[in-house]
Amino acid sequence: MLRSLYSGISGLRSHQTMLDVTGNNIANVNTTAFKSSAVRFQDTLSQMTQGAGAATPLQGGTNPAQIGLGVQVAGISTNFAQGSTQSTGKSTDMMISGDGFFVVSRGGEIQFTRAGAFDFDSAGRLVTADGAIVQGWNAVNGVVTTSGGVGPVTLPLTSMAAAVETTAATVTGNLPSDAAVGSTFVRDIEVYDETGAERTISLTFTKTAGGWDVDGADGAVTATGSLGFTNGELSSGGTMTLNGIAIDMTALTGFAELTTVSISGQNGREAGSLQSYSMSSDGTLMGSYSNGTTQPLARIALATFANPGGLEKVGGTAYRASINSGEARYGTPGSDGLGTLIGGALEMSNVDLSQEFTNLIVAQRGFQANARIITTSDEVLQELTNLKR
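This report concerns the structure included in the present document.

## So, the overall build of the protein chain
Turning to step 1, where the next piece is worked out: In terms of regular secondary structure, the protein chain is built from 2 helices and 32 strands.
Turning to step 2, where the next piece is worked out: Over its C-alpha atoms the protein chain spans a radius of gyration of 38 Å, topping by over 25% the 21 Å that the globule rule assigns to 389 residues.
Turning to step 3, where the next piece is worked out: Counting only C-alpha atoms, the protein chain reaches 135 × 60 × 35 Å along its principal axes.
Turning to step 4, where the next piece is worked out: When contacts within the protein chain are restricted to residue pairs at least 6 apart in sequence, long-range pairs at least 24 apart make up 62% of them.
Turning to step 5, where the next piece is worked out: Carbon and sulfur atoms form 51% of the exposed surface of the protein chain, whose accessible area is close to 20100 Å².
Turning to step 6, where the next piece is worked out: Within the protein chain, one finds 20 positive and 32 negative side-chain charges whose respective centroids are separated by 21 Å.

## Some remarks on the pattern of salt bridges
Turning to step 1, where the next piece is worked out: The full count for this structure, using the stated rule, is 9 salt bridges.
Turning to step 2, where the next piece is worked out: Close ionic contact of D130 with R106 constitutes a salt bridge, the shortest N to O distance being 2.7 Å. You can see D130 sitting in the loop between β10 (126–127) and β11 (133–140) and its partner R106 sitting in strand β7 (residues 101–106), a full 24 residues away along the chain.
Turning to step 3, where the next piece is worked out: The closest approach of N and O atoms between E312 and R320, which form a salt bridge, is 3.2 Å.
Turning to step 4, where the next piece is worked out: The network of salt bridges with shared partners includes K35, R114 and E347.

## Quick word on helix α2 (residues 353–385)
Along an α-helix, residues three or four positions apart point the same way, because every turn accommodates 3.6 residues.
Turning to step 1, where the next piece is worked out: Along its 33 residues, α2 runs 48 Å from first to last C-alpha, staying within 8% of the 48 Å computed at 1.5 Å per residue.
Turning to step 2, where the next piece is worked out: Those residues of α2 not exposed but buried are E356, N359, A363, G366, N370 and S377.
Turning to step 3, where the next piece is worked out: Summarising the contacts, the buried residues of α2 are in contact with α1 (3–27).

## A short note on α1
Turning to step 1, where the next piece is worked out: The terminal C-alpha atoms of α1, which comprises 25 residues, lie 36 Å apart, in line with the 36 Å expected from a rise of 1.5 Å per residue.
Turning to step 2, where the next piece is worked out: Every buried residue of α1 is accounted for by L5, S7, G8, S10, G11, L12, S14, H15, M18, V21, T22 and N25.
Turning to step 3, where the next piece is worked out: In this structure, the buried residues of α1 make contact with β1 (37–43), β3 (65–68), β4 (71–78) and α2.

## With respect to the pairing of β11
Turning to step 1, where the next piece is worked out: In the sheet, β7 pairs with β11 via 2 bridges, with the strands oriented antiparallel. Considered in β11, the bridge of V104 is made with V134.
Turning to step 2, where the next piece is worked out: In this sheet, strand β13 (residues 151–152) lies alongside β11 in antiparallel orientation, the contact comprising 2 bridges. Along β13, the bridge assignment pairs G136 with G151.
Turning to step 3, where the next piece is worked out: As defined by bridge partners, β11 adjoins strand β26 (residues 294–300) across 3 bridges and the pair is classed as antiparallel. Following the sheet pairing, N138 is matched in β26 by A298.
Turning to step 4, where the next piece is worked out: Pairing analysis gives 2 bridges linking β11 to strand β12 (residues 143–144), with the strands arranged antiparallel. Its bridge partner being in β12, V140 is matched across the sheet by V143.
Turning to step 5, where the next piece is worked out: Hairpin connection of β11 to β12: 2 residues between the antiparallel strands, including N141 at a positive phi of 55°.

## Considerations on a nonpolar patch on the surface
Turning to step 1, where the next piece is worked out: Together, F41, V73 and I76 make up an exposed nonpolar region whose accessible area comes to about 230 Å².
Turning to step 2, where the next piece is worked out: Locating F41 in the fold gives a position in strand β1.
Turning to step 3, where the next piece is worked out: Among the residues examined, F41 registers a relative accessible area of 33% and is labelled partly exposed.

## Points about the environment of T385
Turning to step 1, where the next piece is worked out: Note on placement: T385 falls in helix α2.
Turning to step 2, where the next piece is worked out: A polar atom in the side chain of T385 sits 2.7 Å from the backbone oxygen of Q382.

## Details of the side chain of T92
Turning to step 1, where the next piece is worked out: Mapped onto the elements of the fold, T92 is located in the loop between β5 (85–87) and β6 (94–97).
Turning to step 2, where the next piece is worked out: Its relative accessible area of 3% is what places T92 among the buried residues.
Turning to step 3, where the next piece is worked out: From its side chain, T92 meets the backbone oxygen of F118 in a polar contact 2.8 Å long.
Turning to step 4, where the next piece is worked out: Each residue touching T92, except ones within four places of it in the same chain, is listed here: G116, F118, D119, F120, L126 and Y277.

## Looking at the packing of aromatic side chains
In this description, a pair of aromatic rings is defined by centroid distance and the angle of the planes.
Turning to step 1, where the next piece is worked out: A complete count under the given rule lists 8 aromatic pairs for this structure.
Turning to step 2, where the next piece is worked out: Summarising the aromatic geometry, the rings of F80 and F101 are spaced 5.7 Å apart at their centres and angled 85° between planes, so their arrangement reads as edge-to-face. Taken together, the residues span a long stretch of sequence, with F80 in the loop between β4 and β5 and F101 in strand β7 at a distance of 21 residues.
Turning to step 3, where the next piece is worked out: Arranged with centres 5.7 Å apart and planes meeting at 40°, the rings of F185 and W212 form a pair that is tilted. Of this pair, F185 sits in strand β16 (residues 184–192) while W212 sits in strand β18 (residues 212–218), and the two are 27 residues apart along the sequence.
Turning to step 4, where the next piece is worked out: A relative accessible area of 2% means that W212 is categorised as buried.
Turning to step 5, where the next piece is worked out: Three or more aromatic residues joined by ring pairs form one cluster here, namely F80, F101, F112, F305 and Y319.

Reading the values: the criteria
- Residues numbered from 1 in each chain as written.
- Predicted model: local features only at pLDDT ≥ 70, side-chain atom pairs only at ≥ 80, totals over all residues.
- Heavy atoms only, no water.
- Helix = DSSP H or I, 4+ residues; strand = E, 2+ residues; numbered from the N terminus.
- Rg over C-alpha atoms; globule rule 2.2 N^0.38 Å.
- Contact = heavy atoms within 4.5 Å.
- Areas by Shrake-Rupley, 256 points an atom, 1.4 Å probe, with all protein chains shown as cover.
- Lys, Arg positive; Asp, Glu negative; His and termini not counted.
- Charge placed at Lys NZ, Arg CZ, Asp CG, Glu CD.
- Salt bridge = Lys/Arg side-chain N within 4 Å of Asp/Glu carboxyl O.
- Expected span 1.5 Å × (residues − 1).
- Buried < 20%, exposed > 50% of the residue type's maximum accessible area, 1.4 Å probe, protein only.
- Pairing = 2+ DSSP bridges.
- Patch = residues over 30% accessible without salt bridge, like charges linked within 9 Å, V, L, I, M, F, W, Y side chains within 5 Å.
- Polar contact = N/O pair within 3.5 Å; in protein donor to acceptor, adjacent residues only side chain to side chain.
- Phe/Tyr/Trp six-rings, centres within 6.5 Å; stacked < 30°, edge-to-face > 60°.

Given below as structure tokens:
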């Protein structure tokens with residue numbers, strides 16, 4: 001049988017594979033974070049018809065004569081180039097800017113994806129559109145520890161921000177130096193005990209001939225102090241302890257005709273319930289509480305591989321590790337060569353339609369040319385069978 005017939009058949013098979021891959025790329029042009037693939041061809045084993053001849057003093061050397069036996073697919077490579085950014089405005093949508101993959105658990109199997117279209121399920125877990133559970137590290141008492149193993153990223157809907165007892169307060173502003181002796185100003189401070197219960201303490205500033213006296217009252221507990229000013233600047237006093245609360249008044253001034261003394265802050269707070277959340281560029285899920293505090297709730301993990309091209313596609317825009325991809329190395333966004341996260345955006349497919357349609361034409365013409373090889377070989381065989389007539 002003619003060798004060209006089988007060469008043509010191998011060409012048909014290889015170009016059919018190229019058509020299949022190109023068609024899949026075009027079909028997924030709008031798939032979130034889809035990575036296009038490309039077919040690589042190579043020739044098959046060549047048949048030796050004449051070996052190489054060595055050169056002699058009287059005779060020159062000769063080259064080997066070989067006949068190729070067709071073409072085959074050497075491999076199908078995945079292009080992991082970054083796709084364009086598609087802004088969605090949805091807080092749970094995330095895009096990796098740079099290298100890395102989101103880590104997800106599907107049916108108990110750890111898989112990897114670049115598609116960051118996430119949402120929370122009824123159990124408060126961050127999941128993909130098809131239900132895979134996003135992996136990362138959850139916070140304990142507002143602290144995220146990334147040294148341990150990864151687990152489901154969970155939004156603790158019933159979490160509370162613990163109450164903090166007031167231990168310090170700050171007073172700022174100006175006490176008028178031209179106030180009459182005996183003038184008083186009263187300023188109240190809302191403070192909290194260790195359970196978050198609120199109470200009020202009062203500071204009374206009384207003008208004296210040499211400066212100002214300060215009287216503090218926290219229920220039945222009292223404390224006193226004095227303030228001295230030189231050219232409007234505090235020269236003596238400035239601190240006072242009232243019922244375990246350190247009151248800092250060192251920022252007060254004593255210029256004329258200006259009364260702006262006020263309580264600028266204290267470090268206690270009541271307990272708070274979770275009201276909203278947001279995602280930062282380092283993958284940290286931040287919770288905002290009713291008492292005005294914010295603290296980390298969880299952090300998303302990313303993974304990288306020594307050879308991303310060795311990953312195996314498993315559908316759903318996800319991959320699993322293979323023996324040629326290497327083991328997954330987990331890390332946090334923005335560290336160890338991993339990309340950062342962009343919230344409210346998704347990565348688009350990196351399919352280049354102009355290139356794919358060109359590949360479609362090339363594959364079609366290659367298929368047609370190999371089909372012509374088969375018809376030509378068939379005509380030759382027909383001539384051979386007609387010799388007996």
